[in-house]
Amino acid sequence: MSQLSDHSTALHQLSARELGTAYAANELSPVEVAGAVIQRIQEREPVLNAMYRFDPEDILDQARHSEKRWANGTARGVLDGVPATVKENVARAGIPMPSGTALSNPKVPTRNAPITDRILEAGAIILGSTTMPDWGMLSSGVSSLHGISRSAWNPAFRVCTGFHAVPGIRRGPPGDQVPGQDPPLLRATVRFM
């Protein structure tokens, strides 16, 4: 852990670039990072209400596979092992896509959206799906299925959605970000400061 052992930034706050560099230098493990990100999500989620699908065991399983690839020299690229999220309206095979609505029969895709496939092909770890307002049409942060999603900056405020990013876990417009709240890679997600 040479360069990062003295790093004052928490693991859940590291950028995708910092993570890829640390994995390549064997200074960090995707499993360590996944554990830190899971812990941060579990700490902040009860307040932020940002995640629709979140499965810590699946995340750790993805991280173990990434760790093996880095160890045997077959990493898929600099994003291998980097945490990422996708909005709940982005297809993930077998995962319901309610699009923020409380409909009783949300679409369950049989295959991934192209962006989901590209994220997985790069070896990134999908932390889960993030919430959105009904059909993504409101900037209020209110969903008939999920209720109110809160700002990582100030939980007294609702978040606006519709902006895309990755790392940390971010949600809302660029001004609604706080270092370490977003997963290193986001595709319209949430930030868990």
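Here, the structure is the one placed above.
Report on the accompanying structure. Bear in mind the structure is a predicted one, so any value in this text is a computation, not a measurement.

## Structural notes on the overall build of the protein
In terms of helices and strands, the protein carries five helices and six strands. Listing every helix and strand of the protein by position from the N terminus yields α-α-α-β-α-β-α-β-β-β-β. The 193 residues of the protein split such that 48% are buried. As presented, the protein carries roughly 9,000 Å² of accessible surface, and 54% of it is formed by carbon and sulfur atoms.

## A short note on the nonpolar core
Counting residues in each nonpolar core, the largest one holds 18 residues, and the members touching the most others are L19, Y23, L28, V33, I59 and L127. Every element with two or more residues in this core is listed here: α2 (16–24), α3 (30–48), α4 (56–71) and β3 (125–130). Considering every element that reaches this core, the biggest residue donor is α3, with five residues. By size, the runner-up hydrophobic cluster in this structure holds nine residues, among which are V86, A91, M97 and I119.

## Structural notes on the pattern of salt bridges
Overall, the coordinates contain three salt bridges when judged by the stated rule. Residue E43 is joined to R40 by a salt bridge in which the shortest nitrogen-to-oxygen separation is 3.2 Å. Here E43 pairs with R40, and both are found in helix α3, just three residues apart, close to one helical turn. In this structure, D80 and R69 form a salt bridge, with 2.7 Å as the shortest nitrogen-oxygen distance. Pair noted here: D80 is in the loop between α4 and β2 (83–87) and R69 is in helix α4, with a separation of 11 residues, a long-range link. Of the two residues, D80 and R69, neither departs from the other in class, the shared state being buried.

## A closer look at the packing of aromatic side chains
Scanning the model with the defined rule gives one aromatic pair in all. Centre to centre, the rings of Y23 and W70 are 5.8 Å apart; their planes meet at 55 degrees, and the pair counts as tilted. Residue Y23 is found in helix α2, and its partner W70 is found in helix α4; the two are separated by 47 residues along the sequence.

## Some points on the pairing of β2
The buried count for β2 comes to five of five residues, which makes it a mostly enclosed element. As defined by bridge partners, β2 adjoins β3 across four bridges and the pair is classed as parallel. Paired with K87 across the bridge in β3 is T130. Viewed along the sheet, the connection from β2 through helix α5 (residues 114–121) into β3 turns out right-handed.

## A short note on the packing of α3 against α4
It is the contact of α3 with α4, at a shortest axis distance of 8 Å, that shows an interaxial angle of 160 degrees. Judged by the angle between their axes, α3 and α4 are roughly antiparallel. As for how α3 packs across α4, the hand of that crossing is right-handed. Judged by residue contacts, P30, V31, A34, G35, I38 and Q42 of α3 engage P56, I59, L60, A63, R64, S66, E67 and W70 from α4. Class assignment for the residues of the contact of α3 with α4 results in nine nonpolar, three polar and two charged.

Cut-off values and rules
Residues numbered from 1 in each chain as written. Predicted model: local features only at pLDDT ≥ 70, side-chain atom pairs only at ≥ 80, totals over all residues. Heavy atoms only, no water. Helix = DSSP H or I, 4+ residues; strand = E, 2+ residues; numbered from the N terminus. Buried < 20%, exposed > 50% of the residue type's maximum accessible area, 1.4 Å probe, protein only. Areas by Shrake-Rupley, 256 points an atom, 1.4 Å probe, with all protein chains shown as cover. Core = buried A, V, L, I, M, F, W, Y, C linked by side-chain atoms within 4.5 Å. Salt bridge = Lys/Arg side-chain N within 4 Å of Asp/Glu carboxyl O. Phe/Tyr/Trp six-rings, centres within 6.5 Å; stacked < 30°, edge-to-face > 60°. Pairing = 2+ DSSP bridges. Right-handed = clockwise from strand over helix to strand, strands pointing away. Axes fitted to C-alpha atoms, helices over the stretch in contact; angles between N-to-C directions. Parallel < 35°, antiparallel > 145°, perpendicular 65-115°, else oblique. Left-handed = near helix turned anticlockwise from the far one by under 90°. Contact = heavy atoms within 4.5 Å. Nonpolar A, V, L, I, M, F, W, Y, C, P; charged D, E, K, R; others polar.

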